[in-house]
Amino acid sequence: MTTNETLGFWLKIYICTALLGVAFAAIYVRLEEPVYYWDFAAYFNGFDQYGSLLAESPLQWLSQLRASVARDDYSAAILVPLMPFHMFFGGSRLSYIAGIVIVYLVPTALFIGRMSYLEAVSDTPSPRSWFVVWIAAFLYTPFWSATLRGLPDIAGCLALSAATYFLWKSRFLTREPVINGIRIGICLWLAFMLRRWYAFAVIGIALSAAFFCLLQVAKDRDFAAFRNTALGGVCTLFVIAGAALAFQQPLILKILGTSYGDLYSGYKTNFVSQIDQVGSRLSYVNWLLIIVGLYISIIRRNSFVLFCALASVLTFFLFTRTQDPDRHHSMPMFLWLFPAYAQAIVSIVSMPALKSRWSTVVIAVVAGFAYLGTFFPIGRQLLSPIGYVFAREDTLPLHLDNLPEYRRLIDDLIREMRPEDRFSVFASGAVMNSSLLFGMDMDLFPRVGWSCQVDSRDQFAPEALKSRYVVVTDPPVTHLQSGAQICVTIPDQDIVEGKGIGAAYERIATYQLSDGVTGYLYEQVRPVSKTELDALYSEFRKKYPGWTTPEW
């Protein structure tokens, strides 16, 4: 094919894939209840805010964007390519998710899918192999889990895919080291700039590339190649460091002065639990294919698959030293496992003993079942007898039982509060949290008395005890391991049981919330006393001796 014909072919592939992706996103969003909170709402709200600001004042938008890139842990730069969707389709949830799918997810899936297909080893290539790899990449559930929850972290995977491509094609910077070093540096910095935690993935792929480069140099005794790699590596480091200092100096200084291991200790469990969490995000069938792909790659010496797999493993070990990987954190790990998945697919479809047509259908159906069972309630229900075909960790559309009870709670708060009153929520989980309430009614946002959610990150906020109204639950609602949120559970139990600080409150309403949890609205009838506050902090200090009682 000519260059124009090739471009036309890939444009058609991209458009068809994007349209299909938007259709899936539209079905998913339609099944959701608009109860977005925390990370599910953060970038979605930013999408609407930055979109509105761009329409009103482009210069102010640019100034705010530059400040966000320089200082924020959650950089708004990731939203910039999504602005046309806000401009033409508004700030709806579908507009936002569709933008992520079209701009980030589909290019990432096509990029890593094509790269993996071209590097897969097969004795008898089948013309159907690319079609199946394309389906597998597009329906690869780790790409979709965070995306459908409103997290745009797949953007970093697109940058990492480009870095992986340049590293591999330059044979780990042994060819054209300067220009490739600059390209790789830009890609790796972009991944970090878009989401700070991608620093672990950047280090992971750098270490993997260094290992395979040294292995190849030692095997060939090619010291000229080693000098090229060193030069390219210096260029890469210079670009990353230069860009970070030029555009993100305040954030870099903040990172250097912060112990994230201590800050996020509440988000960290043990190694077995971390392995189980990551393992639950793919089906058993997917994992089997990845293992088969790794085995084939070892036997046939597919260095590309092994290079990517090592980057994935290193990223896992680096990241889990700080905290457990959530859906979005595990994306680069799964990105670099996809080449092994593709190697298994290509080998199976190309086997002479199997009919290519039937093996193609079976693998496409397996990928479809994994997607359907992971993201849609009807799929999970229908496929439950063969649960090994979809991920154990579901990402079903957001739903709350007894939604009218939540609206009644919000109505009661709005009706009861005077202009100067505030309310606090001693609950931190999917069933109840302050973000969920003001996400359902933004009129509540300026009335929130912020309280602690995670001990290691927040510590207890005594100002919450000055709010006139508090929302508590029975049993206490948390979202982390036991003991990581006593700043939520102890005040909650004291208020429900009417002891300690709870003696200062009076129950005024009861609500039946989701998952069988009972919610209560309390009004403070007198100020919390110094003695009661001392008793509360005495309980806190049993686990955190450094927590001192504030002036009261």
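Criteria and cut-off values
- Residues numbered from 1 in each chain as written.
- Predicted model: local features only at pLDDT ≥ 70, side-chain atom pairs only at ≥ 80, totals over all residues.
- Heavy atoms only, no water.
- Helix = DSSP H or I, 4+ residues; strand = E, 2+ residues; numbered from the N terminus.
- Rg over C-alpha atoms; globule rule 2.2 N^0.38 Å.
- Buried < 20%, exposed > 50% of the residue type's maximum accessible area, 1.4 Å probe, protein only.
- Contact = heavy atoms within 4.5 Å.
- Lys, Arg positive; Asp, Glu negative; His and termini not counted.
- Charge placed at Lys NZ, Arg CZ, Asp CG, Glu CD.
- Pairing = 2+ DSSP bridges.
- Phe/Tyr/Trp six-rings, centres within 6.5 Å; stacked < 30°, edge-to-face > 60°.
- Salt bridge = Lys/Arg side-chain N within 4 Å of Asp/Glu carboxyl O.
- Axes fitted to C-alpha atoms, helices over the stretch in contact; angles between N-to-C directions.
- Parallel < 35°, antiparallel > 145°, perpendicular 65-115°, else oblique.
- Nonpolar A, V, L, I, M, F, W, Y, C, P; charged D, E, K, R; others polar.
- 1 Å grid on protein atoms, 1.4 Å probe; cavity = no way out; pocket = protein on both sides within 12 Å on 5 of 7 lines; lining within 4 Å.
- Points joined across faces, edges and corners; volume = space filled by probe spheres on them.
- Expected span 1.5 Å × (residues − 1).
- Patch = residues over 30% accessible without salt bridge, like charges linked within 9 Å, V, L, I, M, F, W, Y side chains within 5 Å.
- Areas by Shrake-Rupley, 256 points an atom, 1.4 Å probe, with all protein chains shown as cover.

Draft legend 1. Main features of the overall build of the protein chain. Along the protein chain, the regular secondary structure elements total 24 helices and four strands. Taking 24 Å as the expected radius of gyration for a compact globule of 552 residues, we find that the protein chain reaches 26 Å, a close match to that expectation. The proportion of buried residues among the 552 residues of the protein chain is 53%. Put simply, 75% of the contacts in the protein chain that link residues at least 6 apart link residues at least 24 apart. Charged side chains of the protein chain number 44 positive and 43 negative; the gap between the two group centres comes to 11 Å.

Draft legend 2. Region of interest: the pairing of strand 2 (residues 469-474). Here strand 2 lies mainly inside the structure; five of its six residues are buried. Where strand 1 (residues 423-425) meets strand 2, three bridges bridge the pair, whose relative direction is parallel. If you follow Val425 over to strand 2, its bridge partner there is Val471. Pairing between strand 2 and strand 4 (residues 518-524): six bridges, direction antiparallel. Pairing of Val470 across the sheet is with Tyr522, part of strand 4.

Draft legend 3. Summary view of the pairing of strand 4. With seven of seven residues buried, strand 4 lies mostly within the body of the structure. Of the two faces of strand 4, both are covered, the one formed by Thr518, Tyr520, Tyr522 and Gln524 as well as the one formed by Gly519, Leu521 and Glu523. Across seven bridges, strand 3 (residues 505-512) lies against strand 4 in antiparallel orientation. Its bridge partner lying in strand 4, Tyr511 is registered against Gly519. Connecting the antiparallel pair strand 3 and strand 4 is a turn made up of five residues, with Asp515 showing a positive phi of about 60°.

Draft legend 4. Representation of the packing of aromatic side chains within the structure. Counting across every chain of the model gives 52 aromatic pairs. Seen from their ring centres, Trp144 and Tyr371 are 5.3 Å apart, and the 90° between their planes marks the pair as edge-to-face. Taken together, the positions of Trp144 in helix 7 (residues 141-148) and Tyr371 in helix 18 (residues 356-375) put the pair 227 residues apart, joining distant regions of the chain. The exposure class of Trp144 is buried, given its relative accessible area of 0%. Judged by its relative accessible area of 4%, Tyr371 falls in the buried class. For the pair Trp189 and Phe247, a centre-to-centre distance of 5.7 Å together with 35° between the ring planes defines the contact as tilted. You can see Trp189 sitting in helix 9 (residues 177-194) and its partner Phe247 sitting in helix 11 (residues 223-256), a full 58 residues away along the chain. Classification of Trp189 by relative accessible area gives buried; the value is 13%.

Draft legend 5. Layout of the pattern of salt bridges. Evaluated as defined, the whole model comprises 20 salt bridges. Here Arg468 and Asp421 are joined by a salt bridge, their closest N and O atoms 3.1 Å apart. Of this pair, Arg468 sits in the loop between helix 22 (455-458) and strand 2 while Asp421 sits in the loop between helix 20 (403-416) and strand 1, placing them 47 residues apart in sequence. Arg468 gets classed as partly exposed once you look at its relative accessible area, which sits at 22%. Put simply, Arg418, Glu420, Asp421, Arg468 and Glu523 are held in one network by salt bridges that share partners.

Draft legend 6. Up close: the packing of helix 14 (residues 284-300) against helix 17 (residues 338-349). Following both chains from N to C, one finds helix 14 and helix 17 inclined at 80°, their axes separated by 7 Å at the closest point. In terms of orientation, helix 14 lies roughly perpendicular with respect to helix 17. In this structure, helix 14 contributes Asn286, Leu289, Ile290, Val292, Gly293, Leu294, Ile296, Ser297 and Arg300 to the contact, and helix 17 contributes Ala340, Tyr341, Gln343, Ala344, Ser347 and Ile348. For the contact of helix 14 with helix 17, the class distribution of residues is nine nonpolar, five polar and one charged.

Draft legend 7. Region of the structure containing the layout of surface pockets. Roughly 520 Å³ of internal volume is contained in the second largest pocket. The wall of the second largest pocket is formed by 19 residues, among which Trp168, Phe212, Gln216, Lys219 and Ser303 lie closest to the centre. Those elements that provide at least two residues to the lining of the second largest pocket are helix 10 (199-220) and helix 15 (303-319). Of the residues forming the lining of the second largest pocket, the biggest block, seven residues, is contributed by helix 10. Considered class by class, the residues forming the lining of the second largest pocket number nine nonpolar, four polar and six charged.

Draft legend 8. Just helix 2 (residues 39-56), in detail. Over its 18 residues, helix 2 extends 26 Å from the first C-alpha to the last, a length consistent with the 26 Å expected when each residue adds 1.5 Å. Restricting attention to buried positions, one finds in helix 2 the residues Phe40, Ala41, Tyr43, Phe44, Gly46, Phe47, Tyr50, Gly51 and Leu53.

Draft legend 9. Structural view of helix 8 (residues 154-169). End to end, helix 8 covers 23 Å across 16 residues, agreeing with the expected 22 Å (1.5 Å per residue, within 8%). Of all the 16 residues making up helix 8, 12 are buried; the element is thus mostly covered by neighbouring parts of the structure. Of the surrounding secondary structure, the elements contacted by the buried residues of helix 8 are helix 5 (93-119), helix 7, helix 9, helix 10, helix 15 and helix 16 (331-335).

Draft legend 10. Focus on the environment of Phe317. With respect to the helices, strands and loops of the structure, Phe317 is situated in helix 15. Taking the relative accessible area as the measure of exposure, Phe317 reaches 43% and is therefore partly exposed. Between the C-alpha atom of Phe317 and that of Phe271, which follows or precedes it by 46 residues, the distance is 9.5 Å.

Draft legend 11. View of a nonpolar patch on the surface. A contiguous nonpolar patch, built from Val178, Ile182, Ile186, Leu190 and Leu231 and spanning about 360 Å² of accessible area, is present on the exposed surface. Here the element with the most residues in the nonpolar patch is helix 9; it accounts for four residues. Within the element layout of this structure, Ile186 appears in helix 9.

Draft legend 12. Looking closely at the environment of Met83. Here Met83 lies in helix 4 (residues 83-89). Note on Met83: relative accessible area 5%, which makes it buried. Residues Met83 and Ile100 lie 17 residues apart in sequence; the distance between their C-alpha atoms is 11 Å. When neighbours within four sequence positions are excluded, Met83 is seen to be in contact with Phe47, Tyr50, Gly51, Leu54 and Trp61.

Draft legend 13. Spatial organisation of the sheet that holds strand 2. With respect to topology, four strands assemble into an open sheet ordered 1-2-4-3, the strand pairing being mixed. Since the sheet does not close on itself, it has two edges, and those belong to strand 1 and strand 3, each with one partner. Adjacent strand axes in the sheet meet at a mean angle of 25°, parallel and antiparallel pairs treated alike. Strand contacts of helix 20: strand 1, strand 2, strand 3 and strand 4, with the helix running at about 150° to strand 3, the strand carrying the most contacts. Where helix 23 (residues 486-497) meets the sheet, it contacts strand 2, strand 3 and strand 4, and its direction lies at approximately 95° from that of strand 2.

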